[in-house]
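Close look at the chain arrangement
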Amino acid sequence: MNEQVQPAGGPLFNPLSPDFIRDPYPHYERLRTIDPIHVTPFGQFVASRHADVSLVMRDKRFGKDFVERSKRRYSPEIMNEPVFRSMSHWMLQSDPPDHTRLRGLVVKAFTARRVEDMRPRIQEIVDQAIDAVIDRGHMDLIEDFAFRLPVTVICEMLGIPEDHREVFYKSSRDGGRLLDPVPLSPEEIAKGNAGNMMAQMYFQQLFELRRRNPGDDLITQLVQAEEDGNKLTNEELTANIILLFGAGHETTVNLIGNGLLALHRNPDQLALLKAQPDLITNAIEEFLRYDSSVQMTGRVALEQIDDLGGKTIPKGETVLCLLGSANHDPAVYPDHPDRLDITRPNVRPLSFGGGIHFCLGAQLARIEAEVAIATLLRRLPDLRIDDVENPEWRPTFVLRGLKQLPASW
Ligand code: HEM
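Residues numbered from 1 in each chain as written. Predicted model: local features only at pLDDT ≥ 70, side-chain atom pairs only at ≥ 80, totals over all residues.

**Concerning the overall build of the protein chain**
Stated precisely, the cut-off is as follows: The secondary structure listing takes helices from DSSP runs of H or I that are at least 4 residues long and strands from runs of E that are at least 2 residues long, numbered from the N terminus. C-alpha atoms define the radius of gyration in this analysis, and the globule rule sets the expected value at 2.2 Å times the number of residues to the power 0.38. Partly exposed residues are those whose C-beta has more than 12 but fewer than 20 other C-beta atoms within 10 Å; 20 or more makes a residue buried and 12 or fewer makes it exposed, with C-beta atoms placed from the backbone. For the purpose of contact definition, each residue receives a C-beta atom placed from its backbone, and two residues are in contact when these atoms lie within 7 Å.
Counting its secondary structure elements, the protein chain contains 19 helices and 12 strands. For the protein chain, whose C-alpha radius of gyration is 21 Å, the value lies close to the compact-globule estimate of 22 Å for 409 residues. Across its three principal directions, the C-alpha atoms of the protein chain cover 60 × 55 × 40 Å. Taking all 409 residues of the protein chain together, the buried fraction comes to 41%. Long-range contacts, defined here as pairs at least 24 residues apart, represent 73% of the contacts in the protein chain between residues at least 6 apart.

This is the structure we're talking about:
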């Protein structure tokens, strides 16, 4: 029987509580040991062990089933809300065959080789960000450093003209709440609708521009696919550009921010990386594992699953996959999983998901973070974070990141 377990010591899974946001890892440990497939008051199943998380993301008996899932969670009318309609066209929320078709249209832009070719440009953007503050002696590592790089890179890939970008720099970090596993309030849905409508209006104009003046960018490529006939509808085009824009930066800002915080909280690891810069590639994998900027994804059971960690998952029910918890599971990382160790062997974090939805931008994010962190350590070796003990976290759970991270040198 599937029962809710609520032991003494408070609820096992309360992911928007300040304590959880500050440090989710002790909560994950309790979940993994006390109730590894936990049932929430909203009837969702929460998988916290590496083996279960990994299986759910890869097993074809699970899918996204976004429209039915949203109707069950809210009401059938929810699909009249523009923001939900738009999300239903995201490749991230689609099942095959739509998913295969949508992903196939953009996958070539993200191959390891294409992304490696972008390294010199990424280096240039990082150097410019440091040049802009170097004489100041202090900066906010989020706003002045981590934020501009992924936004600039994704704007360039999409072909958003430079003089249109300022509005994106200002407004683009507000959408994270849409992904959290707690129902949205009417006000939050209204805010999501407003943001979505503005983005739709902007991108429709840009599509027109690219129809008249094609460029060497993803929007031009997708506009041509749309014009070709039945490869892509206009709604799908807009929705997936919005997805790429959102998925392409908030997550990477947070990888850089969380990684820099982790390093400065572990001075031995910081010193080691400064002494041996070649460790950067492994260090990035360890940052992804140690404090993932995406903490959760989810799947819906497309048929009844008789045994997931001893529980039965009825058809249509949602399983939340705690990536951050799987990354700290001692069954896979027996050597002190809660310790940062940039030389840890065989680090294969689940932070980019798994199965058919495996992150399209994984290699891009890795290179951006590698160049950003390595360059910062080289060019500002005396940089210190002002308050490593009590940084201010953003109040979202799925996207884990810092509001700001002031530093001086
Ligand atoms: C999918 C994490 C950066 C674009 C995903 C998923 C995760 C993830 C966990 C899979 C969700 C699922 O299985 O349901 C991350 C992290 C990043 C990052 C941790 C940075 C540290 C990026 C970047 C881009 C990107 C830079 C693009 C420029 C996408 C897209 C999908 C995706 C389009 C959907 C793929 C599909 O459904 O087939 N990401 N991501 N991500 N990511 Fe990322």
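**Topic: the nonpolar core**
What counts, and what does not: Nonpolar core, as used here: buried Ala, Val, Leu, Ile, Met, Phe, Trp, Tyr and Cys residues forming one set through C-beta atoms within 7 Å.
Among the nonpolar cores identified, the biggest contains 67 residues, and Ala146, Leu158 and Ala372 are the most heavily contacted of them. The element best represented in this core is helix α19 (residues 362-379), accounting for 9 residues. Apart from residues no more than four positions distant in its own chain, alanine 146 is found in contact with Leu141, Val253, Ile256, Gly257 and Ala372. The next biggest cluster of nonpolar side chains, apart from the first, holds 29 residues, and it includes Leu55, Ala301, Val319 and Leu322.

**Comments concerning the site of the ligand**
Rules: Nearness between a residue and a molecule or strand is assessed with a C-beta atom placed from the backbone; a distance within 6 Å qualifies. Three classes are used: nonpolar for Ala, Val, Leu, Ile, Met, Phe, Trp, Tyr, Cys and Pro, charged for Asp, Glu, Lys and Arg, and polar for all others, with Gly counted as polar.
The environment of the ligand is made up of 24 residues, and the closest members are Gly248, Thr251, Gly353, Cys359 and Gly361. Of the residues assigned to the shell around the ligand, the class counts are 14 nonpolar, 9 polar and 1 charged.

**So, the confidence of the model for the protein chain**
Keep this limit in mind: pLDDT: the predictor's confidence for each residue, scored from 0 to 100.
Looking at the protein chain, pLDDT values average 93 and 96% of them are 70 or higher. In the model output, the complex is listed with pTM 0.95 alongside ipTM 0.98.

**Let's talk about the packing of helix α8 (residues 119-133) against α19**
Which entries qualify depends on this criterion: Every angle, taken between N-to-C directions, lies between 0 and 180 degrees, and every axis is a line fitted to C-alpha atoms, over only the stretch in contact when it is a helix. The scheme is simple: roughly parallel for angles under 35 degrees, roughly antiparallel for over 145, roughly perpendicular for 65 to 115, oblique for anything else. By definition, turning the near helix anticlockwise from the far helix through less than a right angle yields a left-handed crossing, and turning it clockwise yields a right-handed one.
Here α8 crosses α19 at 40°, and the two axes come no closer than 10 Å. Classed by the angle they form, the pair α8 and α19 counts as oblique. Crossing of α8 over α19 shows right-handed handedness. Between α8, through Arg119, Ile122, Gln123, Val126, Asp127 and Ile130, and α19, the contact on the second element is made entirely by Ile367, Glu368, Val371, Ala372, Thr375, Leu376 and Arg379. Counted by class, the contact of α8 with α19 contains 7 nonpolar, 2 polar and 4 charged residues.

**Some thoughts on the pairing of strand β5 (residues 296-301)**
Stated formally: A pair of strands is treated as paired once DSSP finds two or more bridges between them.
Most of β5 sits out of view: 5 of its 6 residues are buried. Of the strand pairs in this sheet, strand β3 (residues 62-63) and β5 are connected by 2 bridges, and their pairing is antiparallel. Counterpart to glycine 63 in the pairing with β5 is valine 300. The pairing of β5 with strand β8 (residues 318-322) spans 5 bridges and is classified as antiparallel. In the strand pairing of β8, methionine 296 is matched with leucine 322.

**Focus on helix α10 (residues 148-158)**
Counting buried positions along α10 gives 9 out of 11 residues, so the element sits mostly inside the fold. Regarding α10, the residues found buried are Leu149, Pro150, Val151, Thr152, Val153, Ile154, Cys155, Met157 and Leu158. Of the residues one or two after α10, glycine 159 is the one with positive phi, at around 90°.

**Considerations on the packing of helix α15 (residues 250-265) against α19**
Where α15 meets α19, the closest approach of the two axes is 10 Å, and the angle between their N-to-C directions is 40°. By the angle between their axes, α15 is oblique relative to α19. α15 and α19 meet at a crossing whose hand is right-handed. Along its contact with α15, which presents Thr251, Thr252, Leu255, Ile256, Gly259 and Leu260, the element α19 presents Ala365, Glu368, Ala369, Ala372 and Ile373. Across the contact of α15 with α19, the residue classes break down as 7 nonpolar, 3 polar and 1 charged.

**A word on the pairing of strand β6 (residues 305-308)**
By the bridge criterion, 2 bridges tie β6 to strand β7 (residues 311-313) in an arrangement that is antiparallel. Counted as the bridge partner of leucine 308 is lysine 311 from β7. Taking the residues that link successive antiparallel strands as the turn, the β6-β7 hairpin has 2 residues, and the phi of glycine 309 there is positive, at about 55°.

**Describing the sheet that holds strand β2 (residues 45-47)**
If you walk across this open sheet you meet the 5 strands as β1-β2-β8-β5-β3, and the pairing is mixed. This sheet does not close on itself; its edge strands, each paired only once, are β1 (37-39) and β3. Of the strand pairs in this sheet, β2 and β8 are connected by 3 bridges, and their pairing is parallel. Residue pairing across strands places valine 46 opposite leucine 320, the latter belonging to β8. Most of the contacts of helix α3 (residues 50-58) go to β8, to which it runs at about 125°, and overall it touches β1, β2, β3, β5 and β8.

**Thoughts on the sheet that holds strand β12 (residues 406-408)**
The 3 strands lie next to each other as β4-β12-β9, forming an open sheet whose pairing is antiparallel. The sheet is open, and its two edges are formed by β4 (138-140) and β9 (384-385), each paired on a single side. For β9 and β12, the ladder comprises 2 bridges, and the chain directions are antiparallel. Bridge assignment links isoleucine 385 to a residue of β12, and that residue is alanine 407.

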